[in-house]
Amino acid sequence: MDAASIHHYLLFFLFSLSLPFASAINFLFNSFSAVSNLTLVDDARVEDSVLRLTNDSNYYSIGRAFYPERLRLAAGPGQALSSFSTSFVFSILPEIDSSPGFGLAFVLCNSTSPPGALSGQYFGVFSNATRQSPAPLLVVEFDAGRNPEFNDPDGNHVGVDLNFVESAVTRTAGFYRANGSSTEPEFVPLDMRSGRNIRGWIDFYGPLFQINVTIAPAQEPRPRWPLISYTDPVIANYVSPEMYVGFSASKVKWVEAQRVLAWSLSDTGAAARELNTSNLPVFLPPSPPSSSSTSAGLIAGVASACLAIAVLCVLGLYNHCRRRRKTRIRKEEEEEEWESKYWPRRFNYEDLWSATNGFCKERLLGFGGFGKVYRGVLPASISRGANNAGGSAVREEEMEEVAVKHGVSFEEERENMKCMTDPDQTNGAEVGPARSGSSAATSFFCAYI
Ligand SMILES: *[C@@H]1O[C@H](CO)[C@@H](O)[C@H](O)[C@H]1NC(C)=O
Ligand SMILES: *[C@@H]1O[C@H](CO)[C@@H](O)[C@H](O)[C@H]1NC(C)=O
Ligand SMILES: *[C@@H]1O[C@H](CO)[C@@H](O)[C@H](O)[C@H]1NC(C)=O
Ligand SMILES: *[C@@H]1O[C@H](CO)[C@@H](O)[C@H](O)[C@H]1NC(C)=O
Ligand SMILES: *[C@@H]1O[C@H](CO)[C@@H](O)[C@H](O)[C@H]1NC(C)=O
Ligand SMILES: *[C@@H]1O[C@H](CO)[C@@H](O)[C@H](O)[C@H]1NC(C)=O
Ligand SMILES: *[C@@H]1O[C@H](CO)[C@@H](O)[C@H](O)[C@H]1NC(C)=O
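About the cut-offs
Residues numbered from 1 in each chain as written. Chains lettered and ligands numbered in written order. Predicted model: local features only at pLDDT ≥ 70, side-chain atom pairs only at ≥ 80, totals over all residues. Helix = DSSP H or I, 4+ residues; strand = E, 2+ residues; numbered from the N terminus. Buried ≥ 20, exposed ≤ 12 C-beta atoms within 10 Å, placed from the backbone. Contact = placed C-beta atoms within 7 Å. Near = placed C-beta within 6 Å. Nonpolar A, V, L, I, M, F, W, Y, C, P; charged D, E, K, R; others polar. Pairing = 2+ DSSP bridges. Core = buried A, V, L, I, M, F, W, Y, C linked by C-beta atoms within 7 Å. pLDDT = per-residue confidence, 0-100.

S.K.: Explain the overall build of the protein to me, please; I cannot follow it from the model alone.
M.R.: Secondary structure assignment for the protein yields seven helices and 24 strands. By the burial criterion, 37% of the 449 residues in the protein qualify as buried. For the protein, contacts bridging at least 24 residues in sequence account for 66% of all contacts bridging at least 6.

S.K.: Can you walk me through the site of ligand 5 in this structure?
M.R.: Every residue lining ligand 5 is accounted for by Asp 203, Tyr 205, Gln 210, Asn 212, Trp 225, Pro 226 and Ser 229. Those elements that place two or more of their residues in the shell around ligand 5 are β14 (198-205) and β15 (210-217). Counted by class, the shell around ligand 5 contains three nonpolar, three polar and one charged residues.

S.K.: Is there a simple way to think about the pairing of strand β10 (residues 157-162) in this case?
M.R.: A large share of β10 lies buried, amounting to six of its six residues. Residues His 157, Gly 159 and Asp 161 point to one face of β10 and Val 158, Val 160 and Leu 162 to the other, with burial holding for every one of them. When strand β9 (residues 137-143) meets β10, the two strands line up antiparallel, connected through six bridges. Bridged to Val 140 within β10 is Val 160.

S.K.: Help me understand unusual backbone geometry in this model?
M.R.: For residues that are not glycine, phi is negative in most cases, and the peptide bond is trans in most cases. Notably, Asn 151 is not glycine yet its phi reads approximately 60 degrees, a positive angle. A tally of 11 C-beta atoms within 10 Å means that Asn 151 is categorised as exposed. With phi around 55 degrees, Phe 209 is a residue other than glycine that occupies positive phi space. Within the fold, Phe 209 resides in the loop between β14 and β15.

S.K.: Where do I start with the nonpolar core in this structure?
M.R.: Burial of nonpolar side chains together is a common tendency in soluble globular proteins. Ranked by internal contacts, the top residues of the largest apolar core, which has 75 residues, are Val 89, Phe 90, Ala 105, Val 125 and Phe 247. If one sorts the elements of this core by residue count, strand β8 (residues 103-109) sits on top with six residues. Discounting chain neighbours no more than four positions away, the residues touching Val 89 are Asn 197, Ile 198, Arg 199, Ala 218, Leu 261, Ala 262, Leu 275, Thr 277 and Leu 280.

S.K.: Please explain the environment of Phe 29 as it appears in this structure.
M.R.: One can find Phe 29 in strand β1 (residues 26-29). On the basis of neighbour counts, which here come to 21 C-beta atoms within 10 Å, the residue Phe 29 falls in the buried class. Expressed as a C-alpha distance, the spacing of Phe 29 and Phe 88, which sit 59 residues apart in the sequence, is 9.0 Å. Once residues lying within four places of it in the same chain are set aside, the contact partners of Phe 29 are Val 35, Ala 262, Trp 263 and Ser 264.

S.K.: Is there a simple way to think about the environment of Ala 271 in this case?
M.R.: Tracing the backbone through its elements, the reader meets Ala 271 in the loop between β18 (256-266) and α2 (292-303). For Ala 271 and Asn 26, which are 245 residues apart along the polypeptide, the C-alpha to C-alpha distance reads 9.6 Å. When sequence neighbours within four positions are dropped, the list of residues in contact with Ala 271 reads Ser 85 and Ser 266.

S.K.: Would you explain the pairing of strand β17 (residues 242-250) in this entry?
M.R.: Among the nine residues that make up β17, eight are buried, leaving the element largely enclosed by the rest of the structure. Summarising the sheet, strand β5 (residues 62-66) and β17 pair through five bridges and their orientation is antiparallel. Its bridge partner lying in β17, Ala 65 is registered against Phe 247. Relative to β17, β8 is paired through six bridges, and the arrangement is antiparallel. Pairing of Val 107 across the sheet is with Gly 246, part of β17.

S.K.: Could you clarify how one ought to interpret the confidence of the model for the protein in this entry?
M.R.: Low pLDDT marks regions whose predicted coordinates should not be analysed in detail. Mean pLDDT over the protein stands at 76; residues scoring 70 or higher make up 59%. Across residues 9-22, confidence stays below pLDDT 50; counting only partners more than four residues off in sequence or on other chains, it has two contacts. Counted against residues more than four places away or in other chains, residues 383-449, with its pLDDT under 50, gives 137 contacts.

S.K.: Please explain the environment of Ser 82 as it appears in this structure.
M.R.: Structurally, Ser 82 is set in the loop between β6 (71-72) and β7 (84-94). Taking the C-beta count within 10 Å as the criterion, Ser 82 has 20 such neighbours and is therefore assigned buried. Counting along the chain gives 186 residues from Ser 82 to Thr 268, while the straight-line C-alpha distance between them is 9.4 Å. Discounting chain neighbours no more than four positions away, the residues touching Ser 82 are Arg 72, Leu 73, Ala 74, Gly 206 and Asp 267.

Structure, rendered in structure tokens:
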């Protein structure tokens with residue numbers, strides 16, 4: 001080896017030593033208006049100063065946003081893991097408060113488009129694989145919906161997911177704070193579906209395979225205790241030496257705005273830089289109209305005792321009528337356009353119970369956005385009766401198949417189960433972009449229970 005090649009070798013050696021340090025990431029975005037280098041996938045976009053992930057008008061919308069440079073988590077495959085710290089402010093605002101929610105996910109992935117990623121309850125990153133397998137996809141979910149089939153504890157929880165939609169660990173959303181002189185902190189629940197700005201902190205400590213997740217209302221200081229502290233060497237199977245870092249969200253039928261308003265991250269060993277949350281925009285649901293006529297009525301009542309009684313009577317009557325009208329309107333709104341196109345109808349719980357053989361396992365077709373989907377057979381007398389009531393579509397089959405979605409607000413609606421044909425949306429259509437499409441038989445029915 002001559003002097004020149006030794007020189008080259010030394011240079012190369014020094015260069016490779018310095019690589020991990022060269023790629024240190026340490027950024028702070030208090031707003032996204034001046035950030036033009038994010039990798040935006042599908043429907044993700046920067047709207048004014050905030051990152052918006054899904055597009056309301058796309059049924060199967062998916063949106064992902066990643067920092068352009070990959071995070072270096074190890075010097076090479078099988079090498080010791082390094083650490084990072086990140087902090088961000090997000091807001092989740094469903095269009096309809098009572099709709100099943102989706103939420104958003106903080107994502108570490110070796111690609112900006114994980115294979116088989118589905119929309120809806122899959123956050124736009126997970127596939128519908130029924131078994132967990134090792135691959136570089138590590139997610140912290142801020143889940144605003146409950147999917148019992150994924151063992152979700154409730155419709156408002158945080159979880160750590162290892163290349164699988166079913167979390168390795170979950171906790172009801174909230175934070176811990178000191179409780180007087182008690183040594184045990186007090187748990188304060190936090191509604192992530194309110195639109196309010198929520199700050200999240202994720203601390204990843206590679207040497208211990210540890211992830212801590214903490215959330216709190218954006219204006220509050222960081223809680224001393226994390227909501228989740230998850231430590232497991234198995235984490236090593238779900239990271240790669242370099243990973244994209246960012247956010248992902250998705251939807252199906254229901255509209256929900258998932259926003260990221262600020263974000264900082266550091267892999268230098270120091271904590272992520274402190275976000276300035278004092279001037280962030282707030283996206284709350286529109287407030288209900290105030291009833292100024294009522295207070296006007298009360299003032300009139302004070303003016304004259306006699307008149308007051310009369311005014312209150314009139315107001316009472318008016319409110320009564322208004323409430324009745326409102327309920328009527330709401331009822332009408334619940335019926336969707338496509339329902340009336342295809343003979344709207346209602347089956348009672350007993351009929352669906354026997355049609356699906358008591359919602360037995362053998363009749364289970366799969367899982368949809370709102371719960372389980374069953375195949376059932378309705379006696380012709382029942383189906384035809386309901387059909388005639390709907391006043392359309394003459395049918396020839398003696399028997400009909402029924403797909404019954406079984407889940408969420410089961411107790412509430414068991415008396416009044418809504419059934420409908422929807423040739424475009426047979427089972428399976430709820431779970432992803434791959435519509436089952438064309439040959440959909442009209443003999444499928446969906447019932448939201
Ligand atoms: C991306 O843009 C931000 C803000 O303009 C800047 O701070 C950061 O260094 C850029 N990152 C890369 C990898 O270009
Ligand atoms: C949402 O998607 C629709 C249809 O694909 C498109 O026309 C519209 O521009 C998108 N909206 C935004 C804000 O990107
Ligand atoms: C990501 O990791 C998977 C599983 O190890 C691998 O099959 C795939 O090629 C990787 N993708 C990229 C873009 O590196
Ligand atoms: C706070 O501490 C008191 C006792 O010091 C206890 O009775 C109470 O249940 C605690 N509250 C919560 C929410 O943990
Ligand atoms: C995670 O939380 C635990 C418990 O509070 C704490 O002991 C640990 O130091 C934390 N780890 C990181 C990386 O912040
Ligand atoms: C946060 O931002 C506001 C205005 O956007 C500014 O007045 C304030 O000084 C900032 N606070 C910190 C700690 O930088
Ligand atoms: C998983 O999704 C694919 C479309 O991506 C679909 O073809 C397949 O039927 C689904 N499998 C299950 C078990 O739901």
